[in-house]
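Structural characterization, general
As a plain string of letters, each chain reads:
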Amino acid sequence: MKITRKDRAFFHLLLAPGMLILFVFAYLPMVGIVIAFQEFNPTKGFLFSEWVGLEHIRFLFELPDTMQTVRNTVEISLMKIAAGLLVPIVFALLLNEARIVWFKRTVQSLVYLPHFLSWVILGGILIDVLSINGGAFNQALGTLGIQPIFFFGNEAWFRVMLIATDVWKEFGFSTIVYLAALTGINPALYEAASIDGASRWQRVVYITLPGILPVVVLMSTLSLGNVLNGGFDQIFNLYNPMVISSADIIDTYIYRMGLIQAQYGLATAIGLLKSLIGFALIVTSYRLAYRYANYRIF
Amino acid sequence: MRIRLQRFQAFDMLNYVVLAAVSLLCLVPIWHIAMVSISGEGPANQYIVGLIPIEFNLSSYANILRLDKFWDAFGVSGLRVVLGGLLNFLLTVMMAYPLSKESSYFKGRSVYVWALVFTMLFSGGLIPTYMIINELHLIDTIWALIIPGAVPVFNVILMVNFMRQLPKELEEASLVDGAPQWTIMTRIYVPLSLPVIATVTLFSVVGHWNSWFDGLIYMNQTENYPLQTYLHVVLASRNLVNADENSVMASLTNRSAISAQIILASLPILIVYPFLQRFFIHGIVMGSVKE
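The rules we used
- Residues numbered from 1 in each chain as written.
- Chains lettered and ligands numbered in written order.
- Predicted model: local features only at pLDDT ≥ 70, side-chain atom pairs only at ≥ 80, totals over all residues.
- Heavy atoms only, no water.
- Helix = DSSP H or I, 4+ residues; strand = E, 2+ residues; numbered from the N terminus.
- Buried < 20%, exposed > 50% of the residue type's maximum accessible area, 1.4 Å probe, protein only.
- Areas by Shrake-Rupley, 256 points an atom, 1.4 Å probe, with all protein chains shown as cover.
- Contact = heavy atoms within 4.5 Å.
- Buried area = accessible area lost by both parts, 1.4 Å probe.
- Salt bridge = Lys/Arg side-chain N within 4 Å of Asp/Glu carboxyl O.
- Patch = residues over 30% accessible without salt bridge, like charges linked within 9 Å, V, L, I, M, F, W, Y side chains within 5 Å.
- Core = buried A, V, L, I, M, F, W, Y, C linked by side-chain atoms within 4.5 Å.
- UniProt positions renumbered as here; feature names shortened; annotations may be inferred.
- pLDDT = per-residue confidence, 0-100.
- Axes fitted to C-alpha atoms, helices over the stretch in contact; angles between N-to-C directions.
- Parallel < 35°, antiparallel > 145°, perpendicular 65-115°, else oblique.
- Nonpolar A, V, L, I, M, F, W, Y, C, P; charged D, E, K, R; others polar.

1. Focus on the overall build of chain B
In terms of regular secondary structure, chain B is built from 15 helices and 0 strands. Counting all 291 residues of chain B, 51% fall into the buried class. Element-wise, carbon and sulfur atoms account for 67% of the exposed surface of chain B, whose accessible area totals about 13,700 Å².

Written out as structure tokens, the structure is:
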């Protein structure tokens, strides 16, 4: 197909505004990373602030909070990733076994809903529902004879709640991709298996699970890139001083150090380390996804 | 044979019960808060409202609707959704169309693609981004909430992948007929991409409505807060407020007032969601699964 110079100019013209915005708001901030190596003074700007080399990075490794925060982040996100993979798969399999169409549709509409509400709203709802002073969930537990539990005031329970409420918000939406994979399985396989006398359970084990395996591999490799994101929105809307030592993640730490305590150089240094490790993780996960699931972004 | 048949039915029964229970679990907390919001203040504060309202009244809504702060925030969010959604839509289409061409056909494509993808892999982080916004004097303007995210990279990728699956013959035939690229884009590609356009527009509109953190950091004046930022601040202060000290805050943070604000802030989504649902399922699957 032939392409004229006019067409090519048109393409560049279409891309120009978006590229300009990316340049200013994504690439210029990368230049701003230099303040990680400065004693940044807002009145002097980053061109004239004093350089301190790796001072901030050295200091970071000495701060006990840093290591605790990194450990929290990795622990919380690994648990979220594991639960966030398992629950949607099981749910998709169960939903796939339901044959009544209107029932299936209704279930799907309801379970997608929390995904579309913000963590501000869900945080408001969850703190109320799970409150120790008369919260609906504790009242329900009370009727079963269980003592009220302070879900958001106790470090161990807070972690459990982070995982549980994250799964609650996202499992429905995550099932979409597995349901799509399930519809891609050739129905003739099931017919043939039935004729050979395979039970329902055997059909799931020998046809359905292998059928969705590529998608499972894809989703798990891609989730690797998220290990340094513990879920800022969720934690910021749920946490409180009582649980801060086990709930503080890198992003909440950067927010408090940088914007509350105005430690610009230090906060940028943490951000830089996070971006570098995150970059390596995402590139690795894309490579793995390409290799094992033949996935490409474009 | 007969025994096996009965076991299947037992499993089906159990399965339907489990699925129904799980889906109710997603609805009931929201429903409960909605019922608290339309109950009397007394029953609400005594935590005796369950799934049906007690002493039904709408006074908490009436109180909230009289609050200027709430309407300011609602207005900011509304403006943000319209402007931000429109800009996201325009830039997504404008970038996705050229990038959906083959590299051999559109030289320079791979440079653009890498520049785009790199922003997903690496970022300057919170502080440098804040400083750029500050340097550009966008603080306390609505543009601070709209322009930094004006290019939704993920949406562009979704739409590129969708457009690449459309039959190339359509474009070739139009080129032979002498149609310029502008016409091919607006008359062929955009109409055919409607499912994915609906999906990404839904994502970006919902994203703008739900966004709160940028409001918190880029807005110094509380009257410039979008609704979710306003709600975040109200919710965060509910445990700190002493009713005697700050009557304005206290009137916002009693339980029925909070419930009413939570419901009002989620109302637009609860209303549009059922209509858009069929689009996004379609759009996601078609945009993300490749041949």
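2. Section: the interface of chain B and chain A
At the interface, 93 residues of chain B touch 87 residues of chain A. The junction of chain B with chain A conceals about 8,300 Å² of combined surface from both sides, 78% of it contributed by carbon and sulfur atoms. Put simply, chain B and chain A have 2 salt bridges between them. Among the salt bridges present, the one from R255 of chain B reaches D128 of chain A, with a minimum N-O distance of 2.6 Å.

3. Some words on a nonpolar patch on the surface
On the surface, L24, V28, W31 and L51 of chain B cluster together to form a nonpolar patch covering roughly 360 Å² of accessible area. Following the sequence through the fold, W31 of chain B ends up in helix α1 (residues 2–37).

4. Focus on the nonpolar core
Core analysis: the largest hydrophobic core is formed by 181 residues, its most contacted members being L116, V151 and Y230 of chain B. Element by element, the count of residues in this core is highest for helix α8 (residues 155–183) of chain A, at 13 residues. With near-sequence residues (within four places) excluded, Y230 of chain B lies in contact with L67, K69, F70, A73, Y225, L252 and Q261 of chain B.

5. Here we look at the UniProt feature "transmembrane region" (unreviewed entry) in chain B
Residues and elements named next belong to chain B. Residues annotated in UniProt with the feature "transmembrane region" (unreviewed entry) correspond here to residues 12–34, 78–99, 111–130, 142–162, 188–209 and 257–276. End C-alpha atoms of residues 111–130 are separated by 27 Å, and the span's content is 80% helix alongside 0% strand. Within the segment residues 257–276, helix and strand shares are 100% and 0% respectively, and the terminal C-alpha atoms sit 30 Å apart.

6. Focus on the UniProt feature "transmembrane region" (unreviewed entry) in chain A
All names here are of chain A. Taking the UniProt record as the reference, the feature "transmembrane region" (unreviewed entry) is found at residues 12–37, 76–95, 116–137, 171–192, 204–224 and 264–289. The span residues 76–95 is 100% helical and 0% strand by assignment, and the distance between its end C-alpha atoms comes to 28 Å. A distance of 32 Å separates the end C-alpha atoms of residues 171–192, which is 86% helix and 0% strand.

7. With respect to the confidence of the model for chain A
Predicted coordinates in areas of low pLDDT are best not read in detail. Chain-level pLDDT for chain A is 92 on average; 99% of the residues reach the 70-or-more range. Model confidence for chain A, summarised as mean pLDDT per element, is weakest for helix α2 (residues 45–48) of chain A at 79 and strongest for helix α6 (residues 119–129) of chain A at 96.

8. Focus: the pattern of salt bridges
According to the stated counting rule, one finds 12 salt bridges over all chains in the structure shown. Two residues, E55 of chain A and R58 of chain A, come together in a salt bridge whose shortest N-O distance is 2.9 Å. Taken as a pair, E55 of chain A and R58 of chain A lie in helix α3 (residues 55–62) at a separation of 3 residues, close to a single helical turn. Overall, the relative accessible area of 44% leaves R58 of chain A in the partly exposed class. Here K101 of chain B ties to E171 of chain B by a salt bridge, and the two come within 3.0 Å at their closest N and O atoms. Of the two residues, K101 of chain B is situated in the loop between α4 (68–99) and α5 (109–121) and E171 of chain B in helix α9 (residues 168–176); the sequence distance between them amounts to 70 residues. One continuous salt-bridge network, built from bridges that share partners, spans E55, R58 and E62 of chain A.

9. Here we look at the packing of helix α10 (residues 181–192) of chain B against helix α11 (residues 194–210) of chain B
Residues and elements named next belong to chain B. Two numbers describe how α10 lies on α11: the axes approach to 5 Å, and their chain directions differ by 70 degrees. With respect to each other, α10 and α11 are oriented roughly perpendicular. In this structure, α10 uses V190, P191 and L192 to contact α11, whose residues at the interface are L194, P195 and I197. Of the residues contributing to the contact of α10 with α11, the split by class is 6 nonpolar, no polar and no charged.

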